[in-house]
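# Coordinate analysis (summary)
In case you want the letters, here they are:
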Amino acid sequence: MSEAGTEPTRTEAIASSWTTAIVREVDRSTAGFVRLRLEVADRQDHVPGQHYVLRLRAPDGYTAQRSYSIASDPADPLVELMVECLPRGEVSSFLHDVVEVGDELEARGPIGRWFVWGGTTPSICVAGGSGVVPFVSMLRYARRTGTDAGLTVVASAQTRARLPYADELESAGAFIALTRENQPLPDGSERVAAHLYPEEIAALADGVERAYVCGSVGFVSFVGRILGEAGVRSDMVRVEQFGPTS
Amino acid sequence: MGITRGFTGGARRGGDTRLPPGQYDTGAGWPVLSAELTPQVDLDEWTLTVDGLVDRPTTWDWRGIHALPPSSYFGDIHCVTTWSKFDTTFSGVSVDALLQVTGVRLEATHVFATSTTGYTTNLPLSDITDGKAWIVWEFDGKPLTAEHGGPVRLLVPHLYFWKSAKWVTRLELRDHDEQGFWERNGYHDRGDPWLEQRYQGDA
Ligand SMILES: Cc1cc2nc3c(=O)[nH]c(=O)nc-3n(C[C@H](O)[C@H](O)[C@H](O)COP(=O)(O)OP(=O)(O)OC[C@H]3O[C@@H](n4cnc5c(N)ncnc54)[C@H](O)[C@@H]3O)c2cc1C
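Quick look at the structure, then. It should be emphasised that the depicted structure is a prediction, and the values quoted were computed from it without experimental measurement.

## A short note on the site of the ligand
- Neighbouring residues of the ligand: 21 residues in total, closest S67, Y68, E84, V91 and S92 of chain A.
- Mapping the residues near the ligand onto chains gives chains A and B.
- Contact between the ligand and E84 of chain A: an oxygen atom at 2.8 Å from a main-chain N or O atom of the residue.
- Here an oxygen atom of the ligand sits 2.9 Å away from a polar atom, N or O, in the main chain of E90 of chain A.
- Summarising the interface, the protein chains cover 82% of the accessible area of the ligand, which totals 960 Å² for the free molecule.
- Residue assignment for the shell around the ligand shows that the elements contributing at least two residues are β4 (63-69), β5 (79-84) and α1 (90-97) of chain A.
- No other element matches β4 of chain A, which puts 4 residues into the shell around the ligand.
- Each of domain 1 (4-111) and domain 2 (123-242) of chain A accounts for three or more of the residues forming the shell around the ligand.

## Structural notes on the side chain of T129 of chain B
All names here are of chain B.
- Relative to the elements of secondary structure, T129 occurs in the loop between β7 (120-124) and β8 (134-139).
- Polar side-chain contacts of T129 include one of 3.1 Å to the backbone oxygen of L125.
- Excluding residues within four positions of it along the chain, T129 makes contact with D96 and L99.

Basis of the calculations
Here the residue index of a chain counts from 1 through its sequence in written order. Labels are handed out in written order, letters beginning with A for the chains and numbers beginning with 1 for the ligands. It should be noted that, the model being predicted, local features are given only for residues of pLDDT at least 70 and side-chain atom pairs only at 80 or more, the latter also being counted only at that level, while totals for whole chains, interfaces and linings use all residues. The basis for every side-chain value is the complete set of non-hydrogen atoms in the structure, without hydrogens or water. One heavy atom within 4 Å of a molecule or strand is enough for the residue carrying it to be called near that molecule or strand. In the analysis that follows, any N or O atom pair within 3.5 Å is treated as a polar contact, provided that within protein one partner can donate a hydrogen and the other can accept it, and provided that, for residues neighboring in sequence, both atoms belong to side chains. The method behind every accessible area is Shrake-Rupley, applied with a 1.4 Å probe, and residues are considered shielded solely by the protein chains displayed. The helix and strand labels rest on DSSP assignments: H or I over at least four residues marks a helix, E over at least two residues marks a strand, and numbering proceeds from the N terminus. Start and end positions for the domains come from either an automated domain assignment or a database one. Residue contacts are counted whenever heavy atoms from the two residues lie within 4.5 Å of one another.

Function-wise, these values are silent; they only describe arrangement.
Okay, here's the thing in structure tokens:
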């Protein structure tokens, strides 16, 4: 399933039961985020873009479960997640503040067949903040399988420090747009702090057959608009939304 | 399974018996989830068609659907991504009122709902009849916003909310079941939140 060019099909077995994930690495080096690397028992291969559901269980049986996109390549022996810590967020703040190496979590996945990239369709991926996570999996997969020519990743965040995987994205050739910080560009000039402009997207979306957009509701509708102006039809756009409720 | 070390339940913890298993109360919030961009649907062009295994296939326009007897739902809604929202009010018409106009052929067992975006979802006929489903255009007394499925969405509140197709434009009655968009993409065919039927493979 992790070969280039394979799109998932409906005949694949789907992760229908809960399993155990042992936390093997915990990294809090990006402020406000925790990167977890998990060893998942009876793991099934994922397609870049899919997610896991994590479930926490209190001593009295109370549970809380939330979805987290996979950041790792399917060939990675561990499953990597990147979780943004929301103040008072029930699950994210627990993962950020409490979880340690060796802890066991309940996990179910991989889930989702729509927001996935199998390596064949020339695509642009546009992320706002933590929305970049599924695209990190796509990029890692594309680089390993040599299919990265078909994948353009655009990541937007307020500041570079608030963009998880900023260095990795940059060295993989992703376009980064910061809205509250000027950025030096390779040609010695500067990109002035601003939201993505239509001309930037238009240049990057040239020739794509599909667009993936992941981020908050406001971000997704903004990007949908500028993609439309760049000639990307709405039926070419796949969306995943998470973030604050309106 | 085992207890999660250090977890006692956070701010979302309610212990409310109104919550189906694995759900939390989202309070005043109403998260937006969709797989596609939000379409802008022009009310002058909007129509809803009920066809397939009915006696009189019928298409309503915006005025026509308002001529049917109004009906409201007051209660809770549940999303598969684990939030539930209590005490919502949606207004529009009951699906029963539409089926009264079209009639239902004896062979009909399922309904396939389609949206202007091409989104689809499948339901047993028994899940949209007898006061269980609505076609709605108002939320809490105001026009339903586009991001929440406006101008008009299907409402089937006793099932997970992906069954309540946003921007619905057609209900086709059929004599067999066929998976819709999320059902083909790994989600459950029926989606009863009280049985926690989230994904394909759940009982
Ligand atoms: C398919 C899918 C994939 C996801 N992938 C990821 C991922 O890779 N990384 C990740 O961090 N999260 C991801 N999420 C979101 C995640 O599932 C949780 O919603 C999030 O961690 C908050 O849960 P919580 O229990 O901490 O907060 P809760 O206790 O549920 O509280 C959430 C509250 O915070 C608000 N809120 C939610 N998100 C934000 C935000 N970004 N900024 C400000 N306010 C917010 C909500 O409106 C709500 O009021 C994904 C969600 C889905 C559906």
